Amino acid sequence: MNAATPRERRVAAPTIRHPRPTWHERGLPLRVGSRASPLARLQTRLFVDLLTTCCPVLRGRRHVVEEHTIHTTGDDVQDRRLADIGGKGLFAKEIHEALLDGRIDFAVHSLKDLETELPPGVVLACTLPREDARDVLILGSNRNAIVSTDPFGCLPTGAVVGTSSVRRQAQLLHARPDLHLTTIRGNVQTRLEKMATGNYAASLLALAGLRRLGVAKHAWLVLDPDTMVPAAGQG
């Protein structure tokens, strides 16, 4: 019997078919971790809605994703600046611990509040399209006329501005050394309520958060990045 030619051997070779997985290797439900603030929970739900729309395995199965609210040190400590107690990483410390302990499967977080270097075992898996990255001025009743060519001119001399952000403080004082800056902490709603007390002439917030919460009407003036450089990852 003649030996098979190379071509005949290729034709005769059996085709190996690997069984197609019928389900994702991770069990359900999936557990997603989020900070407790209204904005954090809203952003988590926006992501989960996208995930259960785009992912073939989860499509139309929104009910298989459980939301787990995690209180963080950054949220609980409200009487001091973040820079004085450990920085923005305190918004994620307990969430990272929950990930590494296996209490949650993934987490949704604002990129601007993450550390530059994540803990071993934690990865940044994806980001959503960026919203508007700019900061806005929230103004009280004690204000001057708003002039676009002089954004901070609407603040009276010696005005009290509430912000605990070192980045915002530095840029405000560079432009207006006369301003008096004081710490104001809390989520978006809490800061708007504090503004309503009349104890502050102004505060600053991220436009993206106001838009997502449907309260962008409180933004008196959107600050151009040449006037107020946004935080890295903001939006």
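Please refer to the structure placed before this passage.
Residues numbered from 1 in each chain as written. Predicted model: local features only at pLDDT ≥ 70, side-chain atom pairs only at ≥ 80, totals over all residues. Heavy atoms only, no water.

Tallying secondary structure elements over the chain gives eight helices and eight strands in all. Expressed as a percentage of the 235 residues in the chain, the buried residues total 37%. For the chain, restricting intrachain contacts to residue pairs at least 6 apart in sequence, the fraction spanning at least 24 positions comes to 62%. If you sum the accessible surface of the chain, you get close to 14000 Å²; carbon and sulfur atoms cover 53% of it. (Helix = DSSP H or I, 4+ residues; strand = E, 2+ residues; numbered from the N terminus. Buried < 20%, exposed > 50% of the residue type's maximum accessible area, 1.4 Å probe, protein only. Contact = heavy atoms within 4.5 Å. Areas by Shrake-Rupley, 256 points an atom, 1.4 Å probe, with all protein chains shown as cover.)

With that out of the way, let us pick up the pattern of salt bridges. Taken as a whole, this structure holds 14 salt bridges when the rule is applied. Taking the shortest distance from any N to any O, the salt bridge between R31 and D105 comes out at 3.0 Å. One end of the pair, R31, is in strand β1 (residues 30-34); the other, D105, is in the loop between α5 (93-101) and β3 (106-107), with 74 residues separating them in the sequence. Of the residues examined, D105 reaches a relative accessible area of 18% and is grouped as buried. With a closest N to O distance of 3.1 Å, D49 and R62 form a salt bridge. With D49 in helix α2 (residues 38-54) and R62 in the loop between α2 and β2 (65-69), this pair connects stretches of sequence that are 13 residues apart. Assessed through its relative accessible area of 38%, D49 is described here as partly exposed. Within this structure, R45, D49, R62 and E67 form a network of salt bridges that share partners. (Salt bridge = Lys/Arg side-chain N within 4 Å of Asp/Glu carboxyl O.)

Turning to helix α6 (residues 166-175), a few remarks are in order. An α-helical turn contains 3.6 residues, so a residue and the one three or four places further along point in the same direction. Of all the positions in α6, only R168, Q169, Q171 and L172 are classed as buried. Looking at the packing, one finds that the buried side of α6 touches β4 (135-139), β5 (160-162), β6 (180-182), α7 (188-196) and β7 (202-206).

Taken as a whole and judged by the stated rule, the model has one aromatic pair. The ring of W220 is capped by R143, whose NZ or CZ atom sits 3.8 Å from the centre of that ring. (Phe/Tyr/Trp six-rings, centres within 6.5 Å; stacked < 30°, edge-to-face > 60°. Lys NZ or Arg CZ within 6 Å of the ring centre and 35° of its normal.)

Moving on: the sheet that holds β4. Reading across the sheet, the five strands line up as β6-β5-β7-β4-β8 and stay open at both edges, with mixed pairing between neighbours. Two strands bound the open sheet, and with one partner strand each, they are β6 and β8 (221-222). Against the sheet, α6 makes contact with β4, β5, β6 and β7, and its axis sits at roughly 130° relative to β7, the strand it touches most. The sheet contacts of α7 involve β4 and β7, and relative to β7 the element is tilted by about 165°. (Pairing = 2+ DSSP bridges. Axes fitted to C-alpha atoms, helices over the stretch in contact; angles between N-to-C directions.)

The buried count for β1 comes to four of five residues, which makes it a mostly enclosed element. Bridge count between β1 and β2: five bridges; the pairing is parallel. Each bridged residue has a counterpart across the sheet, and for V32 the counterpart in β2 is E67. Where β1 and β3 come together, two bridges link them in parallel fashion. Residue pairing across strands places V32 opposite F106, the latter belonging to β3.

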